[in-house]
Amino acid sequence: EGIAELLRPSDDADSGIDALREAVTANAEFERRVHDVATMLVAARRSDDAAAATWVDRMARKRAGIGRLVSRLAEEGDLQPGWTAEDAADLAYALLSSQVFDVLVSERGWSVDEYAARIWRALASAIVAVPADPVRTTAGDTRDVEDRAL
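Residue positions are given per chain, counting from 1 as you read along its sequence in written order. For this predicted model, a pLDDT threshold of at least 70 governs which residues receive local features, and a threshold of 80 or more governs which side-chain atom pairs are given and counted, while totals over whole chains, interfaces and linings are taken from all residues. Excluding hydrogens and water, the side-chain values take into account all heavy atoms of the structure.

Looking at this structure, I do not really get the overall build of the protein chain. What am I missing?
Each helix is a run of DSSP H or I of at least 4 residues and each strand a run of E of at least 2, with the numbering of both proceeding from the N terminus. Helix and strand counts for the protein chain come out as 6 helices and 2 strands. Each accessible area is a Shrake-Rupley estimate made with a 1.4 Å probe; only the visible protein chains count as cover when residues are assessed. When the accessible surface of the protein chain is totalled, it reaches about 7900 Å², and 52% of it is carbon and sulfur.

Would you take a moment to explain the environment of Leu-91 for this structure?
Looking at the element boundaries, Leu-91 is found in helix 4 (residues 85-95). Among the residues examined, Leu-91 registers a relative accessible area of 25% and is labelled partly exposed. The contact definition used throughout considers only heavy atoms, calling two residues in contact when any of these lie within 4.5 Å. Ignoring anything within four residues of it in the chain, the contact list for Leu-91 reads Trp-83, Leu-123, Ala-126 and Ile-127. Think of it in three bands: residues with accessible area under 20% of the maximum for their type are buried, residues over 50% are exposed, and the middle band is partly exposed, with areas taken using a 1.4 Å probe on protein chains only.

Honestly, the packing of aromatic side chains in this entry has me stumped. Any pointers?
The geometry of an aromatic ring pair is captured by the separation of the ring centres together with the interplanar angle, meaning the angle of the planes. Side-chain rings of Phe, Tyr and Trp (the six-membered ring for Trp) are treated as a pair once their centres are within 6.5 Å; stacked means planes under 30 degrees apart, edge-to-face means over 60, and tilted covers the remaining angles. Under the counting rule described, the total for this entry stands at 1 aromatic pair. In this structure, Arg-118 packs its charged tip against the face of Trp-110, placed 4.6 Å from the ring centre. In this analysis the charged atom, NZ for Lys or CZ for Arg, is taken to sit over a ring once it is within 6 Å of the ring centre and within 35 degrees of the ring normal.

Before we go on, may I ask you to explain the packing of helix 4 against helix 6 (residues 112-127) in this structure?
The packing of two helices is summarised by the inter-axis angle and the distance between the axes. It is at 11 Å that the axes of helix 4 and helix 6 come closest, and there the two elements cross at 165°. The pairing of helix 4 with helix 6 is recorded here as roughly antiparallel in orientation. Crossing of helix 4 against helix 6: the hand is right-handed. Between helix 4 and helix 6, the residues in contact are Ala-88, Leu-91, Ala-92 and Leu-95 and Tyr-115, Ile-119, Leu-123, Ala-126 and Ile-127, respectively. A breakdown of the residues in the contact of helix 4 with helix 6 according to their chemical character gives 9 nonpolar, no polar and no charged. Structural elements are reduced to axes, namely lines fitted to C-alpha atoms, with helices fitted over the stretch in contact, and the angle between N-to-C directions of any two is expressed from 0 to 180 degrees. Angle categories are assigned with fixed cut-offs, so that under 35 degrees is roughly parallel, over 145 is roughly antiparallel, 65 to 115 is roughly perpendicular, and the rest are oblique. By the definition used in this description, the sense in which the near helix is turned from the far one sets the handedness, with an anticlockwise turn below a right angle giving left-handed and a clockwise turn giving right-handed. By the convention adopted, Pro, Cys, Tyr, Trp, Phe, Met, Ile, Leu, Val and Ala count as nonpolar, Lys, Arg, Asp and Glu as charged, and the other residues, Gly among them, as polar.

How should I be thinking about the nonpolar core in this particular structure?
Soluble globular proteins tend to bury their nonpolar side chains together. Among the nonpolar cores identified, the biggest contains 29 residues, and Tyr-115 and Ile-127 are the most heavily contacted of them. Within the residue set of this core, elements represented by two or more residues are helix 2 (16-44), helix 3 (49-75), helix 4, helix 5 (98-107) and helix 6. Counting residues per element, this core draws most heavily on helix 6, which supplies 8 residues. Counting residues in hydrophobic clusters, the runner-up holds 6 residues, among them Leu-41, Val-42, Ala-51 and Trp-55. Definition of nonpolar core: a set of buried residues of the types Ala, Val, Leu, Ile, Met, Phe, Trp, Tyr and Cys, connected through side-chain atoms within 4.5 Å.

Would you take a moment to explain the pattern of salt bridges for this structure?
Note on pairing: side chains with opposite charge can pair once their charged atoms come close. What counts as a salt bridge is simple: a side-chain nitrogen of Lys or Arg found within 4 Å of a carboxyl oxygen of Asp or Glu. Scanning all chains against the criterion turns up 9 salt bridges. The closest approach of N and O atoms between Arg-61 and Asp-57, which form a salt bridge, is 3.2 Å. Here the residue Arg-61 and the residue Asp-57 both occupy positions in helix 3, the gap between them amounting to 4 residues, near one helical turn. Given a relative accessible area of 56%, Arg-61 falls into the exposed group. On the accessibility criterion, Asp-57 (28% relative accessible area) is partly exposed. Within this structure, Glu-29, Arg-32 and Arg-33 form a network of salt bridges that share partners.

Shown next as C-alpha coordinates:
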(Lines give C-alpha, C1' and ligand atoms only; values in the text may rest on other atoms or scores of the structure.)
Protein backbone atom coordinates (compact mmCIF):
# COMPACT_ATOMS: atom_id res chain seq x y z
CA GLU A 1 0.00 0.00 0.00
CA GLY A 2 1.57 3.23 -1.17
CA ILE A 3 0.75 6.87 -0.55
CA ALA A 4 -2.00 6.87 -3.20
CA GLU A 5 -3.85 4.09 -1.37
CA LEU A 6 -3.28 5.75 1.99
CA LEU A 7 -4.75 8.98 0.63
CA ARG A 8 -7.80 7.35 -0.96
CA PRO A 9 -10.07 8.12 2.04
CA SER A 10 -8.97 11.76 1.78
CA ASP A 11 -9.64 11.81 -1.95
CA ASP A 12 -13.09 10.26 -1.42
CA ALA A 13 -14.09 12.50 1.51
CA ASP A 14 -17.38 14.39 1.35
CA SER A 15 -15.96 17.65 2.72
CA GLY A 16 -12.74 19.59 2.89
CA ILE A 17 -12.60 19.07 6.65
CA ASP A 18 -12.97 15.31 6.26
CA ALA A 19 -10.40 15.28 3.44
CA LEU A 20 -7.86 17.16 5.53
CA ARG A 21 -8.47 14.95 8.58
CA GLU A 22 -8.03 11.80 6.49
CA ALA A 23 -4.84 13.24 4.98
CA VAL A 24 -3.43 13.83 8.47
CA THR A 25 -4.13 10.19 9.32
CA ALA A 26 -2.56 9.02 6.04
CA ASN A 27 0.46 11.25 6.57
CA ALA A 28 1.09 9.76 10.02
CA GLU A 29 1.11 6.23 8.63
CA PHE A 30 3.23 7.23 5.62
CA GLU A 31 5.78 9.00 7.84
CA ARG A 32 5.97 5.88 10.02
CA ARG A 33 6.78 3.79 6.96
CA VAL A 34 9.39 6.13 5.43
CA HIS A 35 10.88 7.56 8.62
CA ASP A 36 14.35 6.03 8.28
CA VAL A 37 14.70 7.04 4.62
CA ALA A 38 13.36 10.53 5.29
CA THR A 39 15.80 11.01 8.16
CA MET A 40 18.69 10.00 5.92
CA LEU A 41 17.53 12.30 3.11
CA VAL A 42 17.18 15.26 5.47
CA ALA A 43 20.78 14.78 6.57
CA ALA A 44 22.19 13.95 3.13
CA ARG A 45 20.53 16.84 1.29
CA ARG A 46 22.98 19.30 2.82
CA SER A 47 25.98 17.70 1.12
CA ASP A 48 24.59 15.59 -1.73
CA ASP A 49 22.97 17.20 -4.77
CA ALA A 50 20.99 14.08 -5.73
CA ALA A 51 19.59 13.74 -2.21
CA ALA A 52 18.73 17.44 -2.20
CA ALA A 53 16.94 17.16 -5.55
CA THR A 54 14.99 14.11 -4.35
CA TRP A 55 13.99 15.89 -1.15
CA VAL A 56 12.91 19.06 -2.98
CA ASP A 57 10.83 17.01 -5.43
CA ARG A 58 9.07 15.00 -2.71
CA MET A 59 8.38 18.03 -0.54
CA ALA A 60 7.06 20.05 -3.51
CA ARG A 61 4.60 17.24 -4.22
CA LYS A 62 3.58 17.07 -0.57
CA ARG A 63 3.13 20.84 -0.31
CA ALA A 64 1.08 20.90 -3.52
CA GLY A 65 -1.24 18.19 -2.20
CA ILE A 66 -1.68 20.01 1.08
CA GLY A 67 -2.34 23.20 -0.84
CA ARG A 68 -5.17 21.52 -2.75
CA LEU A 69 -6.71 20.24 0.48
CA VAL A 70 -6.61 23.63 2.16
CA SER A 71 -7.95 25.35 -0.98
CA ARG A 72 -10.92 22.99 -0.84
CA LEU A 73 -11.43 23.86 2.81
CA ALA A 74 -11.42 27.56 1.90
CA GLU A 75 -13.75 27.07 -1.08
CA GLU A 76 -16.25 25.34 1.23
CA GLY A 77 -16.13 28.28 3.66
CA ASP A 78 -14.45 26.28 6.41
CA LEU A 79 -11.15 28.16 6.66
CA GLN A 80 -10.72 30.06 9.90
CA PRO A 81 -11.05 33.83 9.38
CA GLY A 82 -7.69 35.56 9.30
CA TRP A 83 -5.99 32.79 7.34
CA THR A 84 -5.26 32.74 3.64
CA ALA A 85 -5.30 29.33 1.99
CA GLU A 86 -1.60 29.77 1.23
CA ASP A 87 -0.63 30.54 4.84
CA ALA A 88 -2.86 27.78 6.22
CA ALA A 89 -1.27 25.30 3.80
CA ASP A 90 2.17 26.43 4.98
CA LEU A 91 1.19 25.68 8.58
CA ALA A 92 -0.23 22.28 7.61
CA TYR A 93 2.91 21.49 5.61
CA ALA A 94 5.10 22.31 8.60
CA LEU A 95 3.01 20.29 11.06
CA LEU A 96 2.95 17.31 8.68
CA SER A 97 6.69 17.43 8.04
CA SER A 98 9.05 14.52 8.56
CA GLN A 99 10.98 16.65 11.02
CA VAL A 100 7.97 17.25 13.29
CA PHE A 101 7.11 13.55 13.09
CA ASP A 102 10.70 12.70 14.07
CA VAL A 103 10.68 15.01 17.09
CA LEU A 104 7.30 13.94 18.43
CA VAL A 105 7.34 10.21 17.64
CA SER A 106 11.03 9.28 17.71
CA GLU A 107 12.34 11.73 20.29
CA ARG A 108 9.33 12.37 22.52
CA GLY A 109 7.84 8.89 22.29
CA TRP A 110 4.37 9.69 20.97
CA SER A 111 2.62 6.79 19.26
CA VAL A 112 1.71 7.25 15.61
CA ASP A 113 -1.97 7.41 16.61
CA GLU A 114 -1.24 10.06 19.25
CA TYR A 115 0.72 12.03 16.68
CA ALA A 116 -2.15 11.86 14.16
CA ALA A 117 -4.79 12.85 16.72
CA ARG A 118 -2.79 15.68 18.27
CA ILE A 119 -1.55 17.11 14.97
CA TRP A 120 -5.14 17.07 13.68
CA ARG A 121 -6.35 18.82 16.82
CA ALA A 122 -3.64 21.50 16.56
CA LEU A 123 -4.23 22.01 12.84
CA ALA A 124 -8.03 22.01 13.09
CA SER A 125 -7.96 24.40 16.04
CA ALA A 126 -5.79 26.79 14.07
CA ILE A 127 -7.29 26.79 10.58
CA VAL A 128 -10.75 25.15 10.59
CA ALA A 129 -13.65 27.56 11.10
CA VAL A 130 -16.13 24.96 12.32
CA PRO A 131 -15.85 22.16 14.87
CA ALA A 132 -14.23 19.08 13.38
CA ASP A 133 -15.17 15.44 13.87
CA PRO A 134 -13.07 12.75 15.51
CA VAL A 135 -9.89 11.51 13.85
CA ARG A 136 -9.78 7.91 12.71
CA THR A 137 -6.77 6.10 14.12
CA THR A 138 -4.87 3.30 12.42
CA ALA A 139 -6.37 0.94 15.00
CA GLY A 140 -9.80 1.79 13.53
CA ASP A 141 -11.21 3.58 16.55
CA THR A 142 -12.11 7.24 16.71
CA ARG A 143 -11.17 9.93 19.16
CA ASP A 144 -12.82 13.23 19.82
CA VAL A 145 -9.90 15.47 18.95
CA GLU A 146 -11.67 18.80 18.63
CA ASP A 147 -12.58 20.62 21.81
CA ARG A 148 -13.84 24.03 20.68
CA ALA A 149 -14.12 25.18 24.31
CA LEU A 150 -10.37 25.90 24.38
